[in-house]
Amino acid sequence: MSKKFKYEADPSRYDKMNYRRTGNSGLLLPELSLGLWHNFGKKDDFKNARNLLKCAFDNGITHFDLANNYGPPYGSAETTFGKILKKDFKKYRDELIISSKAGYDMWPGPYGEWGSKKYLMASLDQSLKRMGLNYVDIFYSHRPDPETPLEETMGALDLMVRQGKALYIGISSYSAEDTAKASKILKDLGTPCLIHQPRYSIFDRWVENGLLDTIEKEGVGAIAFSPLSQGMLTDKYLNGFPKDSRAVKDGRYLNTDQIEQQLSKIKQLNEIARNRNQSLAQMAISWILKDERITSVLIGASKTEQILDSLKAIRNTAFSDEELTLIDKISK
C-alpha cells in the first residue's frame, strides 16, 4: 500500500473533546466513548467500521469499548477491531483506551459464561488473541453472577492486573449493594475498581436509586451505556418506522410496540431539545453528562454522521431547573 493512503490522525483531535477524571484514579476518559456492540460483526461492512473508528479518534474519542460476545457471531467485533488496529492504529496504541468484558454466554458448556475465574481468565486470553493485544486498558465483569462468590469474580479481575493483561478493571450492571461489596474486596486486594458501566438514559433511571451515590462514595467512575434508549431518544421514530431501523429489522432490544407506548413522551422531549437548539439525541447525551459523577457516555454508531452529531452534545450540558423539572415530569 502506498504511504499516502496510510491513516494519519487529525493533529487537532484533542482540542475537540473534553476529558473527565475516572473516579479517584489518574485516568482521564473522553466525555464520549465509542461502543462496538453493533456494526463491527463479521457480516458488517469492514470499510465502514474503519471509517467509524477513524472519525471517532479524529475527534478526540480515545476510548473504544468491546466485549467478548460482540458480533455477530460472538468474538467477531474483537476480530474486526484487531484488524483495524493493526492496519490503522498501531502507532497510536498508547493514545487509546481499549476495554473488553466477559460475563454473558460465549461458548458452550459450563465454563462459557457468568463469573467464575475459569471463564473470566480464559475469556480475556481469547479476547487478547482476537485483538492482537498484549493487554487491555480496562476489563469488566460484564454482569453479576448470583451463583459465584463475589470474592472469586473480583479475585480473577485482580489477577488479570497482576499478570499485566489488564491495566484497570471494572464492573457492569451491578447493583448499588454489590458495587459497594465488590469495591471493598478489590480495595483489600490492592486493585481498586476503576469504573462501573450501567445502563442509563432519560427513560431508564435505575442508577439514581443508590448506585450513583455509591460510586461517588467509593471513588469509582461511571460510563453510561444505551444513553439513547436503543434509539427511542432520537428523531428516528417521530414520523413512523423507517424500514432500515433496528426496531423494524431486529426487535430483540427494541420493537415498534415499545416505541408506540413512548411516542407521546418522545415528541414532548423533542420539543424541549428544539428549544435548546439541540436534537433529541444530543439532549439525551447532554442530560447524562450534566452529572459530574458520570465520566463518559458510550455511544454506538452505524454512520460517521451519527458520531459527528453526538459530538455536539458536549458543548451544551447545562440545564435550567425548569428544563430538568419538565424532563422529569415527562419521562418518569
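One structure accompanies this document, and this report is about it. Per chain, the residues get numbers from 1 upward, laid out in the order the sequence is written. Local features in this predicted model are restricted to residues whose pLDDT is 70 or higher, and side-chain atom pairs enter the listing and the counts only when it is 80 or higher, whereas totals over whole chains, interfaces and linings include all residues. To get the side-chain values, all heavy atoms of the structure are used, and hydrogens and water are removed first.

### Re the overall build of the protein
Helix and strand assignments come from DSSP, with helices taken as H or I runs of at least 4 residues and strands as E runs of at least 2, each series counted from the N terminus. Counting secondary structure elements, the protein contains 11 helices and 10 strands. Note on method: radius of gyration uses C-alpha positions; expected globular size equals 2.2 Å times residues raised to 0.38. Relative to the globule expectation of 20 Å for 332 residues, the C-alpha radius of gyration of the protein, 19 Å, shows essentially globular dimensions. Burial statistics for the protein: of 332 residues in total, 55% are counted as buried. Between two residues, a contact is recorded if the distance between any of their heavy atoms is within 4.5 Å. Looking at the protein alone, contacts between residues at least 24 apart form 75% of all its contacts between residues at least 6 apart. All accessible-area figures derive from a Shrake-Rupley calculation using a 1.4 Å probe, and residue coverage is judged against the displayed protein chains alone. About 15,600 Å² of surface is accessible on the protein, with carbon and sulfur atoms providing 48% of the total. A positive count includes Lys and Arg, and a negative count includes Asp and Glu. His and the chain ends are not counted in either. Charge positions are represented by NZ for Lys, CZ for Arg, CG for Asp and CD for Glu. For the protein, the separation between the mean place of its 48 positive charges and that of its 43 negative charges on side chains is 7 Å. A 1.4 Å probe rolled over the protein chains alone gives each residue an accessible area, and that area as a share of the maximum for its type sets the label: buried under 20%, exposed over 50%, partly exposed in between.

### Some words on the side chain of D158
Tracing the backbone shows D158 in helix α4 (residues 150-162). Owing to a relative accessible area of 7%, D158 belongs among the buried residues under this scheme. Pairs of N or O atoms are called polar contacts if they sit within 3.5 Å, as long as, within protein, a hydrogen donor faces a hydrogen acceptor (for residues adjacent in sequence, only side-chain-to-side-chain pairs). One polar contact links D158 to R162, side chain to side chain, over a distance of 2.9 Å. When neighbours within four sequence positions are excluded, D158 is seen to be in contact with L189 and T191.

### With respect to the packing of helix α3 (residues 117-131) against α4
Orientation is described by axes fitted as lines to C-alpha atoms, over the contacting stretch for helices, and by angles from 0 to 180 degrees between their N-to-C directions. α4 packs onto α3 with a crossing angle of 30° between their chain directions and a minimal axis gap of 9 Å. Here α3 is positioned roughly parallel relative to α4, judged by the angle of their axes. The crossing of α3 and α4 is right-handed. Between α3 and α4, the contacting residues are K117, L120, M121 and L124 on the first element and E152, T153, A156, L159 and M160 on the second. The nonpolar class holds Ala, Val, Leu, Ile, Met, Phe, Trp, Tyr, Cys and Pro. Asp, Glu, Lys and Arg form the charged class, and all remaining residues, Gly among them, are polar. Among the residues forming the contact of α3 with α4, the class breakdown is six nonpolar, one polar and two charged. For classification, angles of less than 35 degrees are called roughly parallel, those exceeding 145 degrees roughly antiparallel, those between 65 and 115 degrees roughly perpendicular, and all remaining angles oblique. Left-handed describes a crossing whose near helix is turned anticlockwise from the far helix through less than a right angle; right-handed describes the clockwise counterpart.

### Quick notes on the sheet that holds strand β7 (residues 166-172)
Spatially, eight strands are ordered β3-β4-β5-β6-β7-β8-β9-β10 in a closed barrel, and the strand pairing comes out parallel. Shown here is a sheet whose adjacent strand axes are inclined to one another by a mean of 30°, direction ignored. Where strand β3 (residues 32-35) lies against strand β4 (residues 63-65), two bridges are found, and the strand directions are parallel. If you follow G35 over to β4, its bridge partner there is D65. Its contacts with the sheet put α3 on β5 (97-102) and β6 (136-141), and the angle it makes with β5 is roughly 140°. If DSSP finds at least two bridges between two strands, the strands pair.

### So, the nonpolar core
The tendency in soluble globular proteins is for nonpolar side chains to be buried as a group. By size, the foremost hydrophobic cluster in this structure holds 91 residues, and its most contacted members are L34, F64 and L269. Top element by residues in this core is helix α9 (residues 280-289). It accounts for eight residues. Residues in contact with L269, not counting those within four places in the same chain, are I202, F203, L233, L280, M283, I327 and I330. In these notes, a set of buried Ala, Val, Leu, Ile, Met, Phe, Trp, Tyr and Cys residues joined through side-chain atoms within 4.5 Å is what counts as a nonpolar core. L27, I97, L194 and I195 belong to the second largest nonpolar core, which has nine residues in total.

### Looking at the pairing of β5
Burial within β5 is extensive, with six of its six residues counted as buried. Taking every second residue as pointing to the same face, both faces of β5 are buried, with I97, S99 and K101 on one and I98, S100 and A102 on the other. By the bridge criterion, three bridges tie β4 to β5 in an arrangement that is parallel. Among the inter-strand pairings, H63 is bridged to a residue of β5, identified as I97. Crossovers are marked right-handed if the path from the first strand over the helix to the second runs clockwise, as seen with the strands pointing away from the viewer. Of the crossover connections in this fold, the one passing from β4 over helix α2 (residues 76-89) to the parallel β5 is right-handed. In this sheet, β6 lies alongside β5 in parallel orientation, the contact comprising four bridges. Along β6, the bridge assignment pairs A102 with S141. Since β5 and β6 lie parallel, the crossover through α3 that links them has a hand, and here it is right-handed.

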